[in-house]
Protein chains: 2
Amino acid sequence: MTYCVAMRLSSGLVFASDSRTNAGVDHISTFRKLHVFHQDGDRTLVLQTAGNLATTQSIISLLRHRSRNADCPNLLNASSLYDAASLVGETVREVIQRDSEAQQNGSTTDFSCNLLLGGQINGDEMGLFHIYPQGNFIEATRDTPYFQIGESKYGKPIIDRVLHYDMSLEQAMQCALISLDSTLRSNLSVGLPLDVMIYPCDSFSDARQYRITEDHPYFSTIRKGWGEGLVNTFRQLPPLVL
Amino acid sequence: MTYCVAMRLSSGLVFASDSRTNAGVDHISTFRKLHVFHQDGDRTLVLQTAGNLATTQSIISLLRHRSRNADCPNLLNASSLYDAASLVGETVREVIQRDSEAQQNGSTTDFSCNLLLGGQINGDEMGLFHIYPQGNFIEATRDTPYFQIGESKYGKPIIDRVLHYDMSLEQAMQCALISLDSTLRSNLSVGLPLDVMIYPCDSFSDARQYRITEDHPYFSTIRKGWGEGLVNTFRQLPPLVL
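Residues numbered from 1 in each chain as written. Chains lettered and ligands numbered in written order. Predicted model: local features only at pLDDT ≥ 70, side-chain atom pairs only at ≥ 80, totals over all residues. Heavy atoms only, no water.

S.K.: Hey, could you go over the pattern of salt bridges for me, with residue numbers and the actual values?
M.R.: Two side chains with opposite charge may pair up if their charged atoms get near one another. Inspection of the entire model under this criterion finds 30 salt bridges over all chains. Residue arginine 43 of chain A is joined to aspartate 42 of chain A by a salt bridge in which the shortest nitrogen-to-oxygen separation is 2.6 Å. Under the relative-accessibility criterion, aspartate 42 of chain A is labelled partly exposed at 24%. Note that aspartate 181 of chain B and arginine 161 of chain A form a salt bridge whose closest N and O atoms lie 3.3 Å from each other. Linking aspartate 181 of chain B in helix 4 (residues 169-186) with arginine 161 of chain A in helix 3 (residues 156-162), this pair reaches from one chain into another. (Salt bridge = Lys/Arg side-chain N within 4 Å of Asp/Glu carboxyl O. Buried < 20%, exposed > 50% of the residue type's maximum accessible area, 1.4 Å probe, protein only. Helix = DSSP H or I, 4+ residues; strand = E, 2+ residues; numbered from the N terminus.)

Below, the structure is given as structure tokens:
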């Protein structure tokens, strides 16, 4: 399983992904699910992936490979984020169709995947897209400033309660980390380390990328602080009257 | 959809259910999902239901109808809670098999359901069972003192953080109400009113049953208090350091 969340706020973008993949409970591995396509001062594109690992790895590999060939449309020469999302959607269709067609008769393997694409290309607005297994996509707005893929439910209530479009990127990252913590606690198939990134609007920089491991001091502090805060809030509720 | 939670603690049992059913987003109704079989001083059995409404209504109707016939095994003459759970499991199998066999060719209707059965029969220990669509069941223990059926994920993190086997029944009900509130906020197919019940161990009483509507003063108070408490806890987290 996987849990990725991305937020598109007035001042920038926030991304957070876990890194656990599993094929059954006895085949657990760590794979990065946050991928950056960057050209300093020109563009910063961030892709997060959930779903069939063979599919998502192929998609990322093809996108990387093609971005080295300036003669074909690719993520490093797309002129808008919308075009970049279309390109990713086409690649999603290409890989899923290729692998599904080659499938042996009667097999019902699920080759599907979901991706988040966020970032900014110079001359275009910042944006965030959710790209579906069908290759089509939706864009985050002020009304719905975040998307989740993978195991999204455990970590959704806290985002719905605290996230605002005009929140600072640092607060939004705190919210993302707490959302991930709730998911890590409730679903064994979502696991550390986390890959997180902050993209300030118009920065065209990929500098603020971080990997958060089990012993990361700040993550440990807010996990503890949040857990204790919840218990204290619970204890302070007025006595039951039914 | 549905969300029901039941807790088996040292001092008794706590039950909470929503009441929304839907067949598509434009066909929403209210049906009670918490059903009590009771004989004063002898037994109190509580059934909560999730899944296909035709299936769960049939199961409850058959169990009620048969409990009026003292000559056949039924919920009012079962000698142990384990026997009662077996009886419910058999009824689940009976209804699902009947409706599945009558299904028209090619139809793929899901007739399945999940039930929680909690309570106590005089001479036997208090207990709580989760009965699966297959008719088999598991029992709650000190290690895992609660079960959920239906849309369980949004409301699980808070239970995992605060519920303890030795908690008071009043605190456990507060925890159940907050768990339901988180679910109500995140999933439109779970809705008010709520049906809740507290069963104190060895009471053999069904007196503490309550219906919680939109304007219930205490529920409104803790929904607000919990929401504000979460936001305050969030605001008090130390500044982000990555």
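S.K.: Outline the sheet that holds strand 2 (residues 12-17) of chain A, supporting the account with residue identities and numerical values.
M.R.: All names here are of chain A. Strand order in this open sheet of 5 strands is 10-1-2-11-12, and the pairing throughout is antiparallel. The outermost strands of the open sheet, each flanked by one partner alone, are strand 10 (146-150) and strand 12 (209-212). Taking each pair of neighbouring strands and ignoring which way they run, the sheet shows an average axis angle of 10 degrees. Pairing geometry for strand 1 (residues 3-9) and strand 10, over 5 bridges, is antiparallel. Residue pairing in the sheet places cysteine 4 in a bridge with isoleucine 149 of strand 10. Contacts from helix 4 (residues 169-186) reach strand 1, strand 2, strand 11 (194-200) and strand 12 within the one sheet, and its direction differs from that of strand 2 by about 20 degrees. (Pairing = 2+ DSSP bridges. Axes fitted to C-alpha atoms, helices over the stretch in contact; angles between N-to-C directions. Contact = heavy atoms within 4.5 Å.)

S.K.: Go over the environment of serine 80 of chain A, please, and point to the residues and values.
M.R.: All names here are of chain A. One can find serine 80 in the loop between helix 1 (53-66) and helix 2 (81-101). With relative accessibility at 15%, the residue serine 80 sits in the buried group. Sequence separation of serine 80 and glycine 123 is 43 residues, and the distance between their C-alpha atoms is 8.0 Å. In this structure, serine 80 is in contact with Ile121 and Asp124, ignoring residues within four places of it in sequence. Reaching out from serine 80, the side chain makes a polar contact with the backbone nitrogen of aspartate 83 at a distance of 3.0 Å. (Polar contact = N/O pair within 3.5 Å; in protein donor to acceptor, adjacent residues only side chain to side chain.)

Honestly, it's all geometry; don't read function into it.
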